[in-house]
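What follows is the residue order along each chain.
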Amino acid sequence: MPGVVVVGTQWGDEGKGKATDQLGDKVDFVVRYSGGNNAGHTVQVGGERYALHLLPSGILSRRARPVLGNGVVIDLEVLFEELDALAARGVAVDRLLISANAHLIAPYHRTIDRVTERFLGKRRIGTTGRGVGPAYADKASRIGLRVQDLLDESILRQKVAVALEQKNQLLVRVYNRPALSADEVSDHLLAYADRVRPLVADVSRVLNEALDRGQTVLFEGAQAHHLDVDFGTYPYVTSSNPIAAGACTGSGVGPTRLDRVIGIAKAYTTRVGEGPFPGELTDETGQRLRETGGEYGTTTGRPRRCGWFDALLVEQAATCNALTDLFLTKLDVLTGWPKIPVIVAYDIDGRRCPVMPMTQTELHHAKPVYEHLEGWSEDISGVRRFEDLPPACQRYVRRLEELVGVRISGLGVGPDRDQVVMVRPLL
Ligand code: IMP
């Protein structure tokens, strides 16, 4: 089973880190293919909690080689902070490979991200403020800086100067900020060159050769389907393609090399940042879900908006990503509710819509239609076999499976690495 993608099916924070970590010991490479340090993977290993923002969670596995693909945008300061912090805790970090084609987040990207959000006011996206969007914008505008530019000082200096000609106009004239010096920005980036050099690789070739040898490559999605710049709730999305197809463009492997696509869904729904969320609960039910689920952002600490499971969201992700399996996380958070509502349709201006609507306008008008499933009160955090779950809990899982149309292969029943119920092996 060589090429496996793990992808979020909601608005991120589904617990992908935990699911990929489950596979970590069986895989040879763990690749991040999109996003930057806007991600927040929390992985708990033996009572120790690791919060990763940029690195693939496979860095915590002893066997898998962690990789940052060309589709990732890299803030060098964050990269080395994260690597140094892990090294200080005894994690082996020198096996990391970084694509020569990955783009860099420069200090001015962070500044522009924040001032743009401030400028947008009420219409802001609610970004993580890490400079991710502006870095991708420069990539598409062909004025981006790439990892390989660090290996050629004169090229890097030229590219920074070109980028700043434009950025300084924007910063000074539109946002009333001081201009940046090209030399200072270049010096700042070049200070990392010696540390980056041994990690740089032709990632596409490395991965294709590994797949040729029959090795297993795990593509670890960051963010999620509904934050995808093409398929998410645009414009309230991130600026890359977290969907499974992004694994190909973001790492340089062809679509025929992907054998399995595992979707991760939380047993309820959360979202950080702005944007439509038809099932959002702004009352004390939402507050209780937030508290029980610990729903505060790993990256920004922001409280997450909460709602019940929305089958329409996950069904669309299942279809568009051609999911082969679903892994349902945080099922234990739902323990103790007599009834658990699930969204099975939207009411859009009096019309019942059983699937995600096509347009943003319809989504803004959507009101959730719930089906109320029976809850359970037994503690499930120690359960390891599906048949040992309370019958109502089993029925909840089976109903979700039916609504989404994908088999549920694994369940998360607590924060620790081994708190999972595997219905069938993922690899
Ligand atoms: P950006 O990726 O920082 O540009 O933010 C764009 C949108 O994506 C905002 O609504 C963020 O809150 C959201 N977002 C980005 N990364 C994550 C993540 O890892 N989990 C959840 N939401 C995210």
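Refer to the structure presented above.
Notes on the structure follow. (Residues numbered from 1 in each chain as written. Predicted model: local features only at pLDDT ≥ 70, side-chain atom pairs only at ≥ 80, totals over all residues. Heavy atoms only, no water.)

### Some details on the packing of aromatic side chains
The geometry of an aromatic ring pair is captured by two quantities: the separation of the ring centres and the angle between the planes. The tally for this structure, following the rule as stated, stands at five aromatic pairs. Seen in terms of ring centroids, Trp 11 and Phe 277 are 5.0 Å apart; in terms of plane orientation they differ by 55 degrees. Their pairing is tilted. With Trp 11 in the loop between strand E1 (3-8) and helix H1 (16-23) and Phe 277 in the loop between strand E12 (269-271) and helix H10 (284-293), this pair connects stretches of sequence that are 266 residues apart. Judged by its relative accessible area of 9%, Phe 277 is buried. Seen from the ring of Tyr 50, Arg 89 lies directly overhead, with NZ or CZ sitting 4.1 Å from the centre. Over the aromatic face of Trp 337 sits the side chain of Arg 288, whose NZ or CZ is 3.7 Å from the ring centroid. (Phe/Tyr/Trp six-rings, centres within 6.5 Å; stacked < 30°, edge-to-face > 60°. Helix = DSSP H or I, 4+ residues; strand = E, 2+ residues; numbered from the N terminus. Buried < 20%, exposed > 50% of the residue type's maximum accessible area, 1.4 Å probe, protein only. Lys NZ or Arg CZ within 6 Å of the ring centre and 35° of its normal.)

### A word on the site of the ligand
Taken together, 17 residues form the shell around the ligand, and within it Asn 38, Thr 128, Gln 223, Thr 238 and Arg 302 come nearest. Within the side chain of Thr 128, one N or O atom sits 2.6 Å away from an oxygen atom of the ligand. Contacts to the ligand include Gln 223, whose side-chain N or O atom sits 3.1 Å from a nitrogen atom. When grouped by side-chain class, the residues that make up the shell around the ligand number six nonpolar, nine polar and two charged. (Near = heavy atom within 4 Å. Polar contact = N/O pair within 3.5 Å; in protein donor to acceptor, adjacent residues only side chain to side chain. Nonpolar A, V, L, I, M, F, W, Y, C, P; charged D, E, K, R; others polar.)

### Focus: the pattern of salt bridges
With the rule as written, the count across this model stands at 28 salt bridges. Arg 63 is the salt-bridge partner of Asp 28, the closest N and O atoms lying 2.6 Å from each other. Placement of the pair is Asp 28 in the loop between H1 and strand E2 (29-32) and Arg 63 in the loop between strand E4 (48-52) and strand E5 (65-68), with a sequence separation of 35 residues. One salt bridge in this structure joins Arg 197 and Asp 194, with 2.8 Å as the shortest N-O distance. A relative accessible area of 41% means that Arg 197 is categorised as partly exposed. Note on Asp 194: relative accessible area 59%, which makes it exposed. (Salt bridge = Lys/Arg side-chain N within 4 Å of Asp/Glu carboxyl O.)

### So, the environment of Ile 125
Secondary-structure assignment places Ile 125 in the loop between helix H3 (107-120) and helix H4 (132-141). Considered as a pair, Ile 125 and Leu 76 are 49 residues apart in the sequence and their alpha carbons are 24 Å apart. Those residues in contact with Ile 125 that lie beyond four places of it in its chain are Glu 117, Pro 235, Tyr 236, Val 237, Gly 273 and Glu 274. (Contact = heavy atoms within 4.5 Å.)

### Considering the pairing of strand E16 (residues 339-348)
The element E16 is extensively covered by neighbouring structure, given that eight of its ten residues are classed as buried. Relative to E16, strand E14 (residues 309-310) runs parallel, the two sharing two bridges. For Asp 310, the partnering residue across the bridge sits in E16 and is Ile 343. Note that E16 and strand E18 (residues 366-374) share nine bridges and pair antiparallel. Residue pairing for E18: Ala 345 is matched across the bridge by Val 369. In this sheet, strand E17 (residues 351-353) lies alongside E16 in antiparallel orientation, the contact comprising three bridges. Note that in E17 the partner of Asp 347 across the bridge is Arg 352. Remark: two residues form the turn of the hairpin made by E16 and E17, two consecutive strands paired antiparallel; Asp 349 in that turn has positive phi of roughly 50 degrees. (Pairing = 2+ DSSP bridges.)

### Describing the sheet that holds strand E7 (residues 97-99)
Strand order in the open sheet formed by ten strands is E9-E7-E5-E2-E10-E1-E11-E15-E19-E20, and the pairing between neighbours is mixed. Pairing within the sheet leaves two strands with one partner each, and these edge strands are strand E9 (200-201) and strand E20 (420-422). Where E1 meets strand E10 (residues 217-220), four bridges bridge the pair, whose relative direction is parallel. Opposite Val 6, over in E10, you have Glu 220 as the bridge partner.

Purely geometric stuff here, so don't read any function into it on its own.
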